[in-house]
Amino acid sequence: MMTGTHAMNSTPLAEVLDGQHAADLRKAARALLRQPLLLARGRYADEFRLVRRHASELREWFDRNTGWSLQTDAEAARLRKIPGVLTDPTHPAREPTRAAAAFTRRRYVLLCLALAALERGEAQIALGRLADQVVLDAADPHLARAGIQFTLDRRDERLDLAAVVRLLLGLGVLRRVAGDEEAYVSGAGDVLYDVERRVLAGLLAARRGPSTVHADTVMDRLTELVAETALDSDELRFRAMRRSLTRRLLDDPVLYYDELNDAELGYLTRQRGFITARITELTGLVAEVRAEGIAMVDPDDDLTDVRMPEQGTHGHITLLLAEHLAAAGAAVTWERLALRVRELAAEHGGFWAKSAREPGMEAELVDQAVARLAALGLVVRTAHEVAARPALARYAVGETVVLEPGTARMPAQRKARTP
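Figured I'd write up the structure that's included with this text. (Residues numbered from 1 in each chain as written. Predicted model: local features only at pLDDT ≥ 70, side-chain atom pairs only at ≥ 80, totals over all residues. Heavy atoms only, no water.)

If you trace the 3 strands from one edge of the open sheet to the other, you get β7-β9-β8, paired in antiparallel fashion. Only two strands of the sheet have a single neighbouring strand rather than two, namely β7 (255-256) and β8 (286-289). Contacts between helix α13 (residues 262-283) and the sheet are confined to β7, β8 and β9 (293-297), with β9 contributing the most and set at about 5 degrees to the helix. (Pairing = 2+ DSSP bridges. Helix = DSSP H or I, 4+ residues; strand = E, 2+ residues; numbered from the N terminus. Contact = heavy atoms within 4.5 Å. Axes fitted to C-alpha atoms, helices over the stretch in contact; angles between N-to-C directions.)

Structure representation (structure tokens):
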């Protein structure tokens, strides 16, 4: 028989089950925010099963609060994340290799052409056959007028196509059956792939088909692709603002008030507590509210693709330049930042990689550091100078919070967007 003490200290089974359900739901939501495309097999198989188990609740939450749709089947789970800011260039697609080179304009065009060819193709395709189809499609007069041309005769063009294929392999659109991309690049062989058609069909994140968009400029076309239904009532307009603000709080490292229009700022001022509480309940992210904006900070520090501080030479240089920019009080020219790196090399170079200490490397090191800071919403850059944003103040000298493991950091949940 249970004693009185044990009865008082025991937790009702219903509470235990409720707690486990909430923990699993949070884990599933975080998995989708980290990796919006999860496959039933491979490295994210456990996360996929968890998402599928909670698909109904997740689908309802994301639809209500962000307007993102969640589609699941026996093979994949796809959260179609539409960004809050369509003009943000700081998180490009990257080749899934150690170098992780950012996609160029040419690679993006090749990606679109490859996807179109795969959509029309069979269940298997060779890389050489895919290349032939891309070359044919690239002869379109519209592409020619835009200055885009591919022959894939040159090694650098074949390298670009191989990078596109590796991205599709990482996403699960292709599965390698035989061969190796390096052999194709060198002209010594070919590669055979299985095409996962259901994964391919789920890649596009848009509210309407691209063929139905007839706007002239790129920005107008992007806007039409993701536009919600006609906002002809206050209720629909408020819903659209709530969704847009929630998307930005989930997807961007920091939401600055000066980036909002008057209607958005007024709505956020009234509804800030409700919006941030809903995010915290599902994801565990915690709102850090400052005079200039809001960041949803991740105490676990795993919902980000860009970290700061980061180990290694580049991480150290980025942190030192962040301190310099935070203390500058005004915009700093690229030349002055390069000079600062030269000064820092004299002071800290003994701890840096040899390549970073070579003469003439300063400009490249500055470019890499500023790109990271811009991706975190910490600076804005122009062709001539770099200026600190308010959130960079947390990296000023004396802000020891930066170096404490487990504390709040601005890059709490910024995730690169899948194509």
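Applying the stated criterion to the full structure yields 33 salt bridges. Note that Arg243 and Asp63 form a salt bridge whose closest N and O atoms lie 3.7 Å from each other. Here Arg243, found in helix α12 (residues 234-251), pairs with Asp63, found in helix α4 (residues 55-65); they are 180 residues apart in sequence, far enough to count as distant. Given the relative accessible area of 8%, Arg243 is considered buried. Of the residues examined, Asp63 reaches a relative accessible area of 41% and is grouped as partly exposed. Between Arg120 and Asp137 there is a salt bridge, with the nearest N and O atoms lying 2.7 Å from each other. Placement of Arg120 in helix α5 (residues 105-120) and of Asp137 in helix α6 (residues 127-138) is noted, with a sequence separation of 17 residues between them. (Salt bridge = Lys/Arg side-chain N within 4 Å of Asp/Glu carboxyl O. Buried < 20%, exposed > 50% of the residue type's maximum accessible area, 1.4 Å probe, protein only.)

Here Arg107 lies in helix α5. Sequence separation between Arg107 and Leu159 is 52 residues; the distance between their C-alpha atoms is 9.6 Å. Setting aside chain neighbours within four positions, we find Arg107 in contact with Glu95, Ala101, Leu159, Asp160, Ala163 and Val164. A distance of 2.7 Å separates the side chain of Arg107 from the side chain of Asp160, its partner in a polar contact. (Polar contact = N/O pair within 3.5 Å; in protein donor to acceptor, adjacent residues only side chain to side chain.)

Right, let's talk about the packing of α4 against α13 for a bit. Close contact between α4 and α13 brings their axes to 12 Å; oriented N to C, the two are set at 155 degrees. The pairing of α4 with α13 is recorded here as roughly antiparallel in orientation. Pair α4 / α13 crosses with left-handed handedness. Here α4 contributes Leu58, Trp61, Phe62, Arg64 and Asn65 to the contact with α13, which in turn contributes Arg278, Ile279 and Leu282. Its residues assigned to classes, the contact of α4 with α13 comprises 5 nonpolar, 1 polar and 2 charged. (Parallel < 35°, antiparallel > 145°, perpendicular 65-115°, else oblique. Left-handed = near helix turned anticlockwise from the far one by under 90°. Nonpolar A, V, L, I, M, F, W, Y, C, P; charged D, E, K, R; others polar.)

Per the stated rule, a full pass over the model turns up 4 aromatic pairs. Ring geometry for Phe103 and Tyr108: centres 5.6 Å apart, planes at 65 degrees, overall edge-to-face. A relative accessible area of 6% means that Phe103 is categorised as buried. For Tyr108, a relative accessible area of 34% puts it in the partly exposed group. Here the aromatic rings of Phe238 and Tyr267 are separated by 5.7 Å at their centres, their planes lie at 20 degrees, and the arrangement is stacked. Taken together, the residues span a long stretch of sequence, with Phe238 in helix α12 and Tyr267 in helix α13 at a distance of 29 residues. Residue class for Tyr267 comes out buried when judged on its relative accessible area of 7%. Taken together, the ring pairs connect Trp61, Phe62 and Trp68 into an aromatic cluster. (Phe/Tyr/Trp six-rings, centres within 6.5 Å; stacked < 30°, edge-to-face > 60°.)

This part covers helix α14 (residues 312-328). Side chains of residues three or four places apart in an α-helix project in the same direction, reflecting 3.6 residues per turn. Taking 1.5 Å per residue, 17 residues should reach 24 Å; α14 reaches 25 Å between its end C-alpha atoms and fits that length. Looking at the buried residues of α14, the elements they touch are β10 (332-333), α15 (334-348), α16 (362-375), β11 (379-381) and β12 (385-388). One or two residues past the end of α14 sits Gly329, with phi positive at roughly 80 degrees. (Expected span 1.5 Å × (residues − 1).)

Turning our attention to the pairing of β8. Bridging between β8 and β9 involves 4 bridges; their strand directions are antiparallel. Across the sheet, Val289 pairs through a bridge with Ile294, a residue of β9.

Attention shifts here to the packing of α14 against α15. With their axes 11 Å apart at the nearest point, α14 and α15 run at an angle of 120 degrees to one another. By the angle class used here, α14 and α15 are oblique. In this structure, the crossing between α14 and α15 has a hand that is right-handed. In this structure, α14 contributes His316, Ile317, Leu320, Leu321, His324 and Leu325 to the contact, and α15 contributes Leu337, Arg340, Val341, Leu344 and His348. Considered class by class, the residues forming the contact of α14 with α15 number 7 nonpolar, 3 polar and 1 charged.

In this section: the side chain of Arg80. Of note, Arg80 is situated in strand β3 (residues 76-80). Of the side chains bearing the opposite charge, Asp73 lies closest to the buried Arg80, which forms no salt bridge; the N-O distance is 8.7 Å. There is a polar contact of 2.6 Å between the side chain of Arg80 and the side chain of Gln71. If we skip the residues at most four places from it in the chain, Arg80 touches Trp68, Ser69, Gln71, Ala201, Gly202, Leu204 and Ala205. (Lys, Arg positive; Asp, Glu negative; His and termini not counted.)

Attention shifts here to the sheet that holds strand β6 (residues 191-195). Spatial ordering of the open sheet is given by β4-β6-β5, a layout of 3 strands whose pairing is antiparallel. Where the open sheet ends on each side, the last strands, each with one partner, are β4 (124-126) and β5 (174-179). Between one strand axis and the next, the sheet turns through 25 degrees on average, direction left out of account. Of the pairings in the sheet, the one linking β5 to β6 comprises 5 bridges and is antiparallel in character.

What follows is about unusual backbone geometry. The backbone phi angle of Leu152 is positive, close to 60 degrees, even though this residue is not glycine. As for its placement among the helices and strands, Leu152 is situated in the loop between α7 (141-145) and α8 (155-171). Take Leu152: its relative accessible area is 7%, and that puts it in the buried class. Here Asp301, not a glycine, exhibits a phi torsion of approximately 55 degrees, which is positive. By secondary structure assignment, the location of Asp301 is in the loop between β9 and α14. Of the residues examined, Asp301 reaches a relative accessible area of 18% and is grouped as buried.

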